Amino acid sequence: MAYTISGFSKLSKQEKIDWLGQTYLQNSPSAVQTLQNYWHADSKLQKLHDEFTENTLSNFYLPFGIAPNFRVNGKNLAIPMAVEESSVIAAAGKAAKFWNAHGGFKAEVLGTTKIGHVHFSYSGDPEKLKRFFEETKPKLMASVSEIIRNMEKRGGGVLDIELKDKTGKLANYYQLLCSFETKDAMGANFINTCLEQFGTTLEKEAQASKCFSGEEKNLQVIMSILSNYVPDCHVRAEVSCPVEDLGNNEDGHIFAEKFLQAIRIAEVEPSRAVTHNKGIMNGIDAVVLATGNDFRAVEAGIHAFAAKDGRYTSLTHAEIKEGIFHFWIEIPIALGTVGGLTSLHPLAQVALEILQKPSAKELMEIAAVAGLAQNFAAVHSLITTGIQKGHMKMHLMNILNQQHTTSEEKSLIIEHFKTHTITHSAVIDVLQKIRNAE
């Protein structure tokens, strides 16, 4: 059987599955059946899914859930989340309920500027390049006038273009640093289209410019691309309450001090900070996915921000000031509520409906709040009961489903573990005893 195939993308979905079954899944007819089970045959929904990406065989589902009881800037919300990990939604909802009774979450967008670069090489006189750039900047702006027309109508567009000398890091390396406002769109395609036009115009004008001698006209654009690091497109979310509200009298003070110490550990110890921030991203990614945004871009930008000072550290911070417990997060995050998958995926549209049709700024605030809530719940568990008690309770159903338990077996095991510690091996032992007794 040939493993190399030409024209695979032109095959029908069934033909692709048949080839896969004959080539890689000869001994697994159940795998082929699973691909077909998750495929909406001949439906408009499947046609829509097929056009999201290439060589679609089937669909890969994540649970779409709701964390209720959030109050954000005085507005009551239920936050949709697409996530497969046990206890994420439960934890977020638990934190939301606690803070709902203590004033809710406050969030504020601190900036919405996004950036991209035209990366180019130039080996001539830097002063000549500066003069060329100043002369050419108006032409660069003019070159994208048609591209930005609709964006400008919505209040967005190109904010500025700057020349950056990066030769101290790499020989002959320069950038055009370009800043953008894209309003309610995430704007990746818009930004990249502008950047590529800037690159084309830059090379063309360099060839025609009188600023350069012959050899210096050899300015070469390497690439033009947006950056997913958006430190000036950022949001802050916070909660606060009297220390006493965190527990009964002295218990509240003990809890608060222990909580602060846990946050400080994540601030100074990178190996803890990674897991700490992963828990934050459990909440943020779930919202980003549910609303049809790009979680990979969000992850990359936020983790870069966590290491911006040369050492990876916590995204959340806490303090006690004049008897008030303060807990907050500040992150860069670029999200959209129009265009792209947010306008195409039916469940993404439902998610935005649930959130009362937020603007991009409001969605930034909601995502930050979800991350803060998730972190509060996780740290709360870590310094009290431990993370596994709640997690394993939620994970119990996954273990039971992996073992193909019947409804009766599930009921017996769930009842047993109401009063026993849940571990994978303990569940298997109890299941085996039930089955041996049958």
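Caption draft 1: Looking closely at the sheet that holds strand S5 (residues 157-165). Strand order across the open sheet formed by 4 strands is S5-S6-S4-S7, with antiparallel pairing between neighbours. One side of each edge strand has no neighbouring strand; the edge strands of this open sheet are S5 and strand S7 (220-226). The sheet shows a mean angle of 20° between the axes of neighbouring strands, taken without regard to direction. Here strand S4 (residues 114-121) runs beside S7; their pairing, made up of 6 bridges, is antiparallel. Of the residues in S7, the one forming a bridge with His117 is Ile225. Here helix H5 (residues 126-143) sits on the sheet in contact with S4, S5 and strand S6 (173-181), set at roughly 170° to S5.

Caption draft 2: A look at the packing of helix H6 (residues 145-153) against helix H7 (residues 188-208). Two elements in contact, H6 and H7, have axes whose closest approach is 10 Å; the angle formed by their N-to-C orientations is 150°. Put simply, H6 runs roughly antiparallel to H7. The two elements H6 and H7 meet at a crossing, and its hand is left-handed. Counting all contacts with H6, which are made through Ile147, Ile148 and Met151, the residues of H7 involved are Phe190, Thr193, Cys194 and Gln197. A class-by-class count of the residues in the contact of H6 with H7 yields 5 nonpolar, 2 polar and no charged.

Caption draft 3: Just the pattern of salt bridges, in detail. By the definition in use, this model includes 13 salt bridges. With its nearest N and O atoms 2.7 Å apart, the salt bridge here joins Lys278 to Glu85. One end of the pair, Lys278, is in helix H9 (residues 270-290); the other, Glu85, is in the loop between strand S2 (75-82) and helix H4 (88-100), and 193 residues separate them in sequence. On the accessibility criterion, Glu85 (27% relative accessible area) is partly exposed. In this structure, Lys357 and Glu353 form a salt bridge, with 3.9 Å as the shortest nitrogen-oxygen distance. In this structure Lys357 comes out as exposed when scored by relative accessible area, which is 59%. Given the relative accessible area of 46%, Glu353 is considered partly exposed.

Caption draft 4: Quick look at the packing of helix H1 (residues 13-23) against helix H2 (residues 29-37). Closest axis-to-axis distance for the H1/H2 pair is 10 Å, and the angle between their directions is 160°. The orientation of H1 with respect to H2, classified from their angle, is roughly antiparallel. H2 is crossed by H1, and the crossing has right-handed handedness. Counting all contacts with H1, which are made through Gln14, Ile17, Leu20 and Gly21, the residues of H2 involved are Val32, Leu35 and Gln36.

Caption draft 5: Region of the structure containing the pairing of strand S3 (residues 106-109). The side-chain alternation of S3 yields one buried face, formed by Ala107 and Val109, and one unburied face, formed by Lys106 and Glu108. Where S3 meets strand S8 (residues 234-242), 4 bridges bridge the pair, whose relative direction is antiparallel. Looking across to S8, one finds that Glu108 is bridged to Arg236.

Caption draft 6: Focus on the packing of aromatic side chains. Applying the stated criterion across every chain, the model contains 19 aromatic pairs. Between Tyr122 and Tyr174, the ring centres sit 5.9 Å apart and the planes meet at 70°, which makes this aromatic pair edge-to-face. Of this pair, Tyr122 sits in the loop between S4 and H5 while Tyr174 sits in strand S6, placing them 52 residues apart in sequence. Side by side, Tyr122 and Tyr174 carry an identical accessibility label, which is buried. Looking at Lys16, its charged tip hangs above the ring of Phe8, at a distance of 5.9 Å from the centre.

Caption draft 7: Fine view of H1. Within H1 the residues assigned to the buried category are Lys13, Lys16, Ile17, Trp19, Leu20, Gly21 and Thr23. Of the surrounding elements, those touching the buried residues of H1 are H2 and helix H3 (44-50).

Caption draft 8: View of the nonpolar core. If you look at the biggest cluster of nonpolar residues, it comprises 67 residues, and the most contacted ones within it are Phe70, Phe259, Ile284, Phe325 and Ile333. With residues up to four places along the chain from it excluded, the contact list for Ile333 reads Val230, Cys233, His234, Val235, Ile284, Val288, Val298, Met364 and Ala367. Grouped together as the second largest cluster of nonpolar side chains are 28 residues, Phe120, Ile161, Leu195 and Val221 included.

Caption draft 9: Seen up close, a nonpolar patch on the surface. A cluster of nonpolar side chains, Phe60, Leu62 and Leu289, forms an exposed patch at the surface whose accessible area comes to about 320 Å². With respect to the secondary-structure elements, Leu289 resides in helix H9. Its relative accessible area of 32% is what places Leu289 among the partly exposed residues.

Caption draft 10: Layout of the sheet that holds S3. Across the sheet, 4 strands lie side by side as S3-S8-S10-S9; this open sheet has antiparallel pairing. Two strands close off the open sheet at either side, each with one partner strand: S3 and strand S9 (316-321). Looking at each pair of strands side by side, their axes are set apart by 20° on average, direction ignored. As paired strands, S9 and strand S10 (residues 324-332) are joined by 6 bridges and run antiparallel to one another. Each bridged residue has a counterpart across the sheet, and for Glu319 the counterpart in S10 is His326.

Caption draft 11: Geometry of the environment of Leu396. For Leu396, the position within the fold is in helix H14 (residues 387-402). Since its relative accessible area comes to 5%, Leu396 is described here as buried. When sequence neighbours within four positions are dropped, the list of residues in contact with Leu396 reads Ile413, Ile414, Phe417, Ile422 and Val427.

What counts, and where the lines are drawn
- Residues numbered from 1 in each chain as written.
- Predicted model: local features only at pLDDT ≥ 70, side-chain atom pairs only at ≥ 80, totals over all residues.
- Heavy atoms only, no water.
- Pairing = 2+ DSSP bridges.
- Helix = DSSP H or I, 4+ residues; strand = E, 2+ residues; numbered from the N terminus.
- Axes fitted to C-alpha atoms, helices over the stretch in contact; angles between N-to-C directions.
- Contact = heavy atoms within 4.5 Å.
- Parallel < 35°, antiparallel > 145°, perpendicular 65-115°, else oblique.
- Left-handed = near helix turned anticlockwise from the far one by under 90°.
- Nonpolar A, V, L, I, M, F, W, Y, C, P; charged D, E, K, R; others polar.
- Salt bridge = Lys/Arg side-chain N within 4 Å of Asp/Glu carboxyl O.
- Buried < 20%, exposed > 50% of the residue type's maximum accessible area, 1.4 Å probe, protein only.
- Phe/Tyr/Trp six-rings, centres within 6.5 Å; stacked < 30°, edge-to-face > 60°.
- Lys NZ or Arg CZ within 6 Å of the ring centre and 35° of its normal.
- Core = buried A, V, L, I, M, F, W, Y, C linked by side-chain atoms within 4.5 Å.
- Patch = residues over 30% accessible without salt bridge, like charges linked within 9 Å, V, L, I, M, F, W, Y side chains within 5 Å.
- Areas by Shrake-Rupley, 256 points an atom, 1.4 Å probe, with all protein chains shown as cover.

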